[in-house]
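The lines below spell out each chain.
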Amino acid sequence: MNSTPPTDSLEQGSVKFELSHVSKFFGATCVLNDFTASFQESRIYALLGLSGSGKSTILRLMMRLLEPSGGQLLFRGQSLQSMDVLQLRRAIGYVLQGGGLFPHLSARDNIAIVARYLKWPPAKIRDRIDELAELMSIPHELLDRFPHALSGGQAQRMSLMRALMLDPDVLLLDEPFGALDPITRHDLQQELRPLFTRLGKLVIVVTHDLNEASILSDEAILLHQGTVVQRGTLEAFRTSPATEFVERFVEAQQAIPGGR
Amino acid sequence: MFRLTLFYVVLLGLALVPLHPKSASVTIGSKLFTESVILGECVRLLCDDAGIDTTHYRELGGTRILFDALVSGDISVYPEYSGTIREEIFRGELETDELIHAALTERGIGLAGPLGFNNTYAMAMLRTRAAELGVTTISDLARHPDLKCGFSNEFMERQDGWPGMREYYDLGQLSTKGLNHDLAYRQLQLGQIDVIDAYATDAKIAALDLVLLEDDRNYFPRYDAVVLYRVDLADQHPDLLRLLQSLEGGIDNAEMVRANALVEMDGKNESEAAAMILDETLGIQPEVHQESLSDRLFVRSLEHIDLIRRSLIPAILIGIPLGVLATLFPSCGRMILGAAGIIQTIPALAMLVLLMPLMSAFGQASVGTGSATAVTALFLYALLPIVQGTHTGLKSIPLPLQHSMESLGLPLNYRLLHIDLPLAGASILAGVKTSTVLTVGFATLGALIGAGGYGQPIMTGIRLNSTALILEGAIPAAIMAVVSQLCFDLVERSYSTTSGRRT
Ligand SMILES: Nc1ncnc2c1ncn2[C@@H]1O[C@H](COP(=O)(O)OP(=O)(O)OP(=O)(O)O)[C@@H](O)[C@H]1O
Ligand SMILES: [Mg+2]
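Nothing here was measured: the structure is a model prediction, and the numbers come from that model. (Residues numbered from 1 in each chain as written. Chains lettered and ligands numbered in written order. Predicted model: local features only at pLDDT ≥ 70, side-chain atom pairs only at ≥ 80, totals over all residues. Heavy atoms only, no water.)

Chemist: Is there a simple way to explain the domain arrangement of chain A in this structure?
Modeler: Bring the parts together and some accessible area is lost; that lost area is often taken as the interface size. Residues and elements named next belong to chain A. What the domain assignment lists for chain A is domain 1 (15-91 + 170-260) and domain 2 (102-167). Domain 1 and domain 2 are separated by 25 Å when their C-alpha centres are compared. Facing twelve residues of domain 1, the contacting portion of domain 2 comprises 15 residues. Taking both partners together, domain 1 and domain 2 bury about 1,200 Å²; carbon and sulfur atoms supply 71% of that area. (Domains from an automatic or database assignment. Contact = heavy atoms within 4.5 Å. Buried area = accessible area lost by both parts, 1.4 Å probe.)

Put into structure tokens, the structure is as follows:
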């Protein structure tokens, strides 16, 4: 909420990513308006909001897949604009909405593509993939399949493996469980939470599901009409909603039968 | 990157390795009609007999193509007509023979001949009808105002044709109609018309027993057959000049008519007709060896594949990068695609004639088997489908995948090679397939400038009105097109079932 690092942030770790007064226009339509937020290392954030509220746009700005119309983005205290864009992207693991595996490559080749470019020795690549497969509980024979022969959940895990391959300290996950059935989704959420904590990474998960946010994240940011309306724990969202919109957002999800 | 470079070098090597090293020291050209091919064969057989190494590029097209090729040195000898040299090559600007000789010498060209016959326009009548009326000269026609004339449309319109002749010989009272040349012969035979225009050495003159009326007041310009040759070549082969001169004056109109009839009426080939002329005029009996159908097919297939190889492979090597450029830089892409599109609309003959001087300027063979002109034209025609296939393929990669590949932080060239191009592979392959099938067909047009391949029998077949010869070229060309299409279909199928190749 605050563009200057608050004092308590130092207790939790240093600021990794900082967006101040960022705006983004597509033509005349304003998608982000004066968006300000900072993200600290080793913390898990949930980015919440209605469909079309600009959640994916924020991640794309952080990856420099889009350029902001105004404001500033800092990564490790350095302006994004002044950084080498390829290095920035390799420092961040990004899983996009829908996974984004390349259909012409096997899962293994998808996962290894950047490591191959960086000329990792084949043995190191193999070991790293084995390690990640174990982490994600992926059976080895699945690795040699092409994406069209994987289930949605399997593909999603492969995408995560690709994002984790270079062991980046930032993970940006755009609705990673969007296409999964409730049980698989629940299982994956349960598995990933301790994993993220153990890996000690800054993770930003985009979702519009409060439940998912509560399982996965330490802190939530709710986006509405291009700006942050509330930031904090989900408990605070329930007990002291900042605006009427927050109240409705929370209520609507509780009203879904079985949606908790 | 190393693998890509290797791929390029290997393909480029495949494209550029010459199949048949040029060795013949004398190249003969001939025009796209029987008489010219026979005379070309006469020169070839004479040279053979004297042990001079030759190639004969037959049916190279018209005066412009042959004369330019002679001046640029792509051919060294070809048969021509005095009237054509005066009217077409020098556009009637040079009045006297001396001026014409000087102008030719200036271009390094010598003239041997005349060979003896004069293939000008003439008036022809059935021998019986002419005898019955006592007509032997054109002037005699004025005494028979009831005669009916059937003239070719061209002759009716040319200022030096009927309009000029009517005035010159005062033939205003004759009734005339314009009609197709073949039809004119038929109606003459049936007695429906009495007089037609004809070339003086037309094969049908002997076959239909016609007489030519004497041009007693010398209205028609002379079209004496001569041989044009490069002076530098004659310096290298003093024998050659002697051989050409040995033909001078030996071939009269009747001889040439018989030779033409041998080919056009009796189905003999031009070599046999040429052998007959040499036997009857010089007493030389050259060896004429007949190639079997399978020999001919084999040689032409090689020539055809060679044309395709040397044009299509460079088109792939250049077309794909052009397609990539067009996608990366949309404004320059519009230009590239526009230019490739415009090239497609240039008619083949125009393209060949436009390219010839350019090829000569670069020191490449502008005519003849596998000439640079034909290869370049095919290359240009093959570009568009490949550029377009690459462009479309790259453009139609779904946006999420584009974001996905961008987000990996890979440099552009690595990305293109390992992700973009394989993803666009199906579309690129479709473009290459279209180009290949097109080129197999288009390559037959190379025969317009003697490029060889399956087009050559098609050209001869059209000239001699022989369906068998046309099919001899058309069937293998069609088979090659279908086979290449099938091969590509197979590759496409394996491509889509494995979802692509592995890196
Ligand atoms: N390239 C673009 N051109 C124009 N408008 C765009 C473009 N990309 C996104 N938008 C618009 O920006 C808004 C925010 O899009 P964004 O993808 O960030 O939404 P989101 O919050 O991720 O939604 P969802 O939950 O449905 O994924 C949407 O209204 C969308 O239509
Ligand atoms: Mg989104």
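Chemist: In this structure, what is going on with the sheet that holds strand S10 (residues 227-232) of chain A? I would like to understand it.
Modeler: Consider a sheet: its strands pair through backbone hydrogen bonds, and that pairing is either parallel or antiparallel. All names here are of chain A. Pairing is mixed in the open sheet, where six strands are placed in the order S6-S7-S8-S3-S9-S10. The open sheet has two edge strands, strand S6 (92-95) and S10, and neither has a second partner. Ignoring which end each strand starts from, the neighbouring axes of this sheet average 15° apart. By the bridge criterion, five bridges tie strand S9 (residues 219-224) to S10 in an arrangement that is antiparallel. Looking at S10, one finds that Leu 222 is bridged to Gln 230. Across the sheet, helix H6 (residues 152-164) lies against S6 and strand S7 (170-174), angled at about 165° from S6, the strand it touches most. (Pairing = 2+ DSSP bridges. Helix = DSSP H or I, 4+ residues; strand = E, 2+ residues; numbered from the N terminus. Axes fitted to C-alpha atoms, helices over the stretch in contact; angles between N-to-C directions.)

Chemist: For this particular structure, what's the right way to read the domain arrangement of chain B?
Modeler: All names here are of chain B. When the domains of chain B are assigned, the result is domain 1 (26-118 + 223-282), domain 2 (121-212) and domain 3 (292-502). Measuring from the centre of the C-alpha atoms in domain 1 to the corresponding centre in domain 3 gives 37 Å. Between domain 1 and domain 3, the residue contacts involve 19 residues of the former and 18 residues of the latter. Of the roughly 1,300 Å² buried where domain 1 meets domain 3, counting both sides, 59% is carbon and sulfur surface. Interface area lost by domain 1 to domain 3 is led by Glu 59, Ile 65 and Asp 74, which between them contribute 39%. At the boundary of domain 1 with domain 3, the tally comes to zero salt bridges. Remark: the boundary between domain 1 and domain 3 carries three residue pairs in polar contact (both at pLDDT 80 or more). When contributions to the side of domain 1 that touches domain 3 are tallied by element, the ones reaching two or more residues are helix H2 (34-49), helix H3 (63-72) and helix H13 (253-264). Top contributing element to the side of domain 1 that touches domain 3 by residue count: H3, with five residues. In terms of residue class, the side of domain 1 that touches domain 3 is built from nine nonpolar, three polar and seven charged. (Salt bridge = Lys/Arg side-chain N within 4 Å of Asp/Glu carboxyl O. Polar contact = N/O pair within 3.5 Å; in protein donor to acceptor, adjacent residues only side chain to side chain. Nonpolar A, V, L, I, M, F, W, Y, C, P; charged D, E, K, R; others polar.)

Chemist: So what exactly am I meant to see when it comes to the packing of aromatic side chains here?
Modeler: Under the definition given, this model contains 15 aromatic pairs over all chains. For the pair Tyr 168 of chain B and Tyr 169 of chain B, a centre-to-centre distance of 5.5 Å together with 75° between the ring planes defines the contact as edge-to-face. One aromatic cluster is present, formed by Tyr 121, Phe 151, Phe 155, Trp 162, Tyr 168, Tyr 169, Tyr 199, Tyr 219 and Phe 220 of chain B through successive ring pairs. Its guanidinium or amino end placed over the ring of Phe 39 of chain A, Arg 231 of chain A lies 5.9 Å from that ring's centre, counting from NZ or CZ. When the ring centre of Tyr 169 of chain B is taken as reference, the NZ or CZ atom of Arg 217 of chain B above it lies at 5.3 Å. (Phe/Tyr/Trp six-rings, centres within 6.5 Å; stacked < 30°, edge-to-face > 60°. Lys NZ or Arg CZ within 6 Å of the ring centre and 35° of its normal.)

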